[in-house]
Amino acid sequence: MAIERTFSILKPDATRRNLTGKINAVIEGAGLRIVAQKRIHMTTAQAEAFYGVHSERGFFRDLVTFMTSGPVVVQVLEGENAVLKHREVMGATNPANADEGTIRKLFAESIEANSVHGSDSLENAATELAYFFAGTEIVG
């Protein structure tokens, strides 16, 4: 199996409720290592650029507003098949459809305030983690 890196965001609903440690315990319990992490308050420009792929979709403005509503924790995760493993531990986007024990089943408030973002492919993971981290900040 391949050791991969993927990108994760603990969203404003999670940081507001002091769930950073609990969510990271689930991530680490799944066998992923946190090799870079920082708490930031995304600017509107950062959120618009990061979520630019969705700019023509109806939910884009609400997404940007939500992601800039409070601090987030951006992090780089590392492990065997990290992208898939993180997607599995996050659970379905809609917490009502998420499996028991997943982050979204445990902590999400709604489909929008679902506590965590994760890359959906190796290619997107590389792009997303490079958006927030210099190579020297990743200390795997």
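For the structure, see preceding data.
These numbers come from a predicted model, not from an experiment.

(A) Structural view of the packing of aromatic side chains. Across all of its chains, the model carries 6 aromatic pairs by this definition. Taking the centre distance of 4.9 Å and the plane angle of 90° together, the rings of Phe50 and Tyr51 count as edge-to-face. Taken as a pair, Phe50 and Tyr51 share a single burial class, namely buried. Measuring from centroid to centroid gives 5.7 Å for Phe50 and Tyr131, while their planes differ by 50°, and the two rings are tilted. You can see Phe50 sitting in helix 3 (residues 44-50) and its partner Tyr131 sitting in helix 7 (residues 122-132), a full 81 residues away along the chain. Among the aromatic residues, those joined into a ring-pair cluster are Phe7, Phe50, Tyr51, Tyr131 and Phe132. The ring of Phe133 has Lys38 sitting right over it, with the charged end atom 4.8 Å from the ring centre.

(B) Just unusual backbone geometry, in detail. One non-glycine residue with positive phi stands out, namely Asn81, at about 45°. Note on placement: Asn81 falls in the loop between strand 3 (72-80) and helix 5 (82-90). Judged by relative accessible area, which is 26%, Asn81 ranks as partly exposed. In this structure, Ser115 takes a positive phi of about 75° despite not being glycine. Here Ser115 shows up in the loop between helix 6 (103-107) and strand 4 (116-118). A relative accessible area of 0% means that Ser115 is categorised as buried.

Rules used in this analysis
Here the residue index of a chain counts from 1 through its sequence in written order. Since the coordinates come from a predicted model, pLDDT governs what is reported: local features require at least 70, and pairs of side-chain atoms require 80 or more to be given and counted, while whole-chain, interface and lining totals use all residues. Remark: hydrogens and water are excluded; side-chain values derive from all non-hydrogen atoms of the structure. Side-chain rings of Phe, Tyr and Trp (the six-membered ring for Trp) are treated as a pair once their centres are within 6.5 Å; stacked means planes under 30 degrees apart, edge-to-face means over 60, and tilted covers the remaining angles. Only protein chains enter the calculation, and the probe is 1.4 Å; a residue is then buried if its accessible area is under 20% of its type maximum, exposed if over 50%, and partly exposed in between. Strands are runs of DSSP state E lasting at least 2 residues, helices are runs of H or I lasting at least 4, and numbering of each runs from the N terminus. In this scheme, Lys NZ or Arg CZ marks a charge over a ring once it lies within 6 Å of the ring centre and within 35 degrees of the ring normal.

Read these as spatial facts, not as claims about activity.
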